[in-house]
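Remarks on the overall topology
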Amino acid sequence: MLMHICCGPCTIHPLKALRIHGHDVTGLFYNPNIHPYLEFSRRRQTLQDYAQKILLNVIYPEGYPLEEFLSQVAARPQERCVYCLTNRLKFTADLAKKENYDAFTSTLLYSRFQKHDLIRQIGETLSWQTGIHFHYEDFRIGWNEGVKISRELGMYRQPYCGCIYSEKERFCK
Ligand code: SF4
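These remarks concern the structure in this document.

Quick notes on the rules
Residues numbered from 1 in each chain as written. Predicted model: local features only at pLDDT ≥ 70, side-chain atom pairs only at ≥ 80, totals over all residues. Heavy atoms only, no water. Core = buried A, V, L, I, M, F, W, Y, C linked by side-chain atoms within 4.5 Å. Buried < 20%, exposed > 50% of the residue type's maximum accessible area, 1.4 Å probe, protein only. Helix = DSSP H or I, 4+ residues; strand = E, 2+ residues; numbered from the N terminus. Contact = heavy atoms within 4.5 Å. Phe/Tyr/Trp six-rings, centres within 6.5 Å; stacked < 30°, edge-to-face > 60°. Lys NZ or Arg CZ within 6 Å of the ring centre and 35° of its normal. Expected span 1.5 Å × (residues − 1). Arc of directions from axis to C-beta.

For the rest of this paragraph, the subject is the nonpolar core. Ranked by size, the top nonpolar core spans 43 residues in total, and within it Leu56, Val58 and Phe104 carry the most contacts. A per-element tally of this core places helix α4 (residues 80-98) first, with 5 residues. Every residue in contact with Leu56, bar those within four places of it in the chain, is listed here: Ile5, Thr11, Leu15, Arg19, Val25, Gly27 and Ala51.

Here it is in structure tokens:
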């Protein structure tokens with residue numbers, strides 16, 4: 001299974017839940033929505049360190065298409081999440097199809113702060129379009145355990161969702 005990964009802390013519970021059920025998981029860190037670059041780099045490094053510990057193979061596509069992301073959302077920032085989620089899940093579904101995975105999923109289904117139903121709807125639509133199974137699971141049930149473990153491991157936990165708009169919403173009161 002190819003699992004889109006948004007960050008290290010959100011990987012803990014979904015990976016554990018999938019492995020318990022016998023899934024062979026490969027990660028994919030594709031997140032042009034994380035701004036600025038140093039924040040992107042810090043989240044990626046946190047995942048790299050964790051992936052090494054738990055022997056998880058992760059794909060890190062080259063590049064950082066910030067300009068493309070902004071050009072798609074700048075005109076209607078209030079609707080940005082639809083593009084953001086679709087873009088990341090579509091990249092995952094397309095790669096899963098190209099590389100002959102049986103299924104794809106996302107750690108975004110773990111977050112209590114994400115638009116859970118929208119993520120599920122987008123994943124299922126992409127599944128229908130690509131013919132690759134979308135593994136839906138409500139990973140939010142492991143939220144407390146994931147937070148606890150990430151704190152015990154001293155992992156970096158980001159204070160905002162990712163884009164510059166979410167950073168403003170978090171800090172510019
Ligand atoms: S708030 Fe989060 S999900 Fe929405 S566009 Fe920004 S980074 Fe993406």
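Two descriptors summarise a pair of aromatic rings, namely the distance from one centre to the other and the angle between the planes of the rings. The tally for this structure, following the rule as stated, stands at 11 aromatic pairs. Centre to centre, the rings of Phe113 and Trp143 are 5.6 Å apart; their planes meet at 75°, and the pair counts as edge-to-face. Here Trp143 lies in helix α6 (residues 143-152) and Phe113 lies in the loop between β4 (103-106) and α5 (116-130), a separation of 30 residues in the sequence. The class of Phe113 is exposed, set by a relative accessible area of 70%. Three or more aromatic residues link up through ring pairs in this structure, and these residues are Phe29, Tyr37, Phe40, Tyr60 and Tyr64. Sitting above the plane of the Tyr160 ring, Arg43 keeps its charged end 5.3 Å from the centroid. Sitting over the ring of Tyr136, Arg120 keeps its end group 3.8 Å from the ring centre.

Time to look at helix α2 (residues 37-53). Taking 1.5 Å as the rise per residue, α2 with 17 residues should run 24 Å; its terminal C-alpha atoms sit 25 Å apart, in good agreement. Turning to α2, its buried residues are Glu39, Phe40, Arg43, Thr46, Leu47, Tyr50 and Ala51. The buried side chains of α2 occupy one side of the element, clustering within an arc of 130° when seen end-on. In α2, the exposed positions angled more than 90 degrees off the buried face are occupied by Leu38 and Gln52. Looking at the packing, one finds that the buried side of α2 touches α1 (12-20) and β3 (58-59). Once α2 ends, the next one or two residues include Leu55, with phi positive near 55°.

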